[in-house]
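Residues per chain are reported as follows:
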Amino acid sequence: DGGITQSPKYLFRKEGQNVTLSCEQNLNHDAMYWYRQDPGQGLRLIYYSQIVNDFQKGDIAEGYSVSREKKESFPLTVTSAQKNPTAFYLCASSTTERGVRTEAFFGQGTRLTVV
Amino acid sequence: GESVGLHLPTLSVQEGDNSIINCAYSNSASDYFIWYKQESGKGPQFIIDIRSNMDKRQGQRVTVLLNKTVKHLSLQIAATQPGDSAVYFCAENISGRRGGSYIPTFGRGTSLIVHP
C-alpha cells in the first residue's frame, strides 16, 4: 500500500529538549511539507521541500529545522527555540506535476505535548 | 497578507439536509483549489478540486462552485449524513519558490456537525 507514515503518534517533550518527528512516504512524490495545527485553527506551513537536498521556510519556520537527504523522508526537528511547541503536526506529500490532480496526501499526524 | 479564509467556523445541519460551506480567497494569481475533509485526530483527505478555468465541478454528493469575480469558493454536500461530520478546509494552491509545484495554503476550516 502506498502512503505517508508519521511517527510517533504521540510525543512528549520536556522543556529545553529537541525532538524529531519522522515522516516517510512511498508515493514517489518529489514535494513534501510540514504543517502545524492548533485547536480551532487551520494548517500553517512550517517547511516544504520540492526536491531532494532542497527545502524552504514556510510561514512559521522559527524554532524548527528539517532535512531532505532522501526522497522518501522529511524529518522535522522541534528545537528548544520553539517557545510553544504543543500542537498537532501534519506531514504531507504531493506530486510536482502540473495539469494533474495535485492534492496533498497527509499522514495521520503527531501530537506533541510539552511536559 | 494574502490568505485563504472561511466565513463560518461551525455549521450545524440535520441529517438529509444539504450543506453549504463557504471560503474566500484573496490571491488573484491562484489557479487551483482543493477541498479537504479532516476527521478528528486524522490528517486531511482530498474531497474535490477545481481549476480557475472552471465555475463548477461535481463529484459524488459534492459540488464545488468557484466565483472568480468575488474570489469565493463553496462546497455543497447533498443529503448530508452523520459520516460527513468533520472539519472542512479549502486550500489555495500557490506556486512554490521553484515554481514547479503547488504549495497548499489552508484556511481556518469549518466544522460541520450533522444531527441525526
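Coordinates for the structure precede this section.
Residues numbered from 1 in each chain as written. Chains lettered and ligands numbered in written order. Predicted model: local features only at pLDDT ≥ 70, side-chain atom pairs only at ≥ 80, totals over all residues. Heavy atoms only, no water.

Participant: Give me the lowdown on the state of the cysteines, citing residues and values where you can.
Facilitator: Covalent bonding between the sulfur atoms of two cysteines defines a disulfide. A complete count under the given rule lists two disulfides over all chains for this structure. One disulfide in the model links Cys23 of chain A with Cys91 of chain A; its S-S distance is 1.9 Å. With the S-S dihedral at roughly -80 degrees, the linkage between Cys23 of chain A and Cys91 of chain A falls on the left-handed side. Pair noted here: Cys23 of chain A is in strand 3 (residues 19-25) and Cys91 of chain A is in strand 9 (residues 87-94), with a separation of 68 residues, a long-range link. Residue classification places Cys23 of chain A among the buried residues on the basis of a relative accessible area of 0%. Note on Cys91 of chain A: relative accessible area 0%, which makes it buried. One disulfide bridge connects Cys23 of chain B with Cys90 of chain B, the sulfur atoms lying 1.7 Å from each other. In this structure, the disulfide formed by Cys23 of chain B and Cys90 of chain B twists by about 40 degrees around the S-S bond and is classed as right-handed. Note that Cys23 of chain B is positioned in strand 3 (residues 19-25) and Cys90 of chain B in strand 9 (residues 86-95), a separation of 67 residues in sequence. One exposure class covers both Cys23 of chain B and Cys90 of chain B, and it is buried. (Disulfide = S-S within 2.5 Å. Helix = DSSP H or I, 4+ residues; strand = E, 2+ residues; numbered from the N terminus. Buried < 20%, exposed > 50% of the residue type's maximum accessible area, 1.4 Å probe, protein only.)

Participant: Explain a nonpolar patch on the surface to me, using residue names and the numbers behind them.
Facilitator: Residues and elements named next belong to chain A. There is a patch of nonpolar side chains on the surface, built from Tyr10, Phe12 and Val115 and spanning about 370 Å² of accessible area. Assignment of secondary structure puts Phe12 in strand 2 (residues 10-13). Taking the relative accessible area as the measure of exposure, Phe12 reaches 54% and is therefore exposed. (Patch = residues over 30% accessible without salt bridge, like charges linked within 9 Å, V, L, I, M, F, W, Y side chains within 5 Å. Areas by Shrake-Rupley, 256 points an atom, 1.4 Å probe, with all protein chains shown as cover. Salt bridge = Lys/Arg side-chain N within 4 Å of Asp/Glu carboxyl O.)

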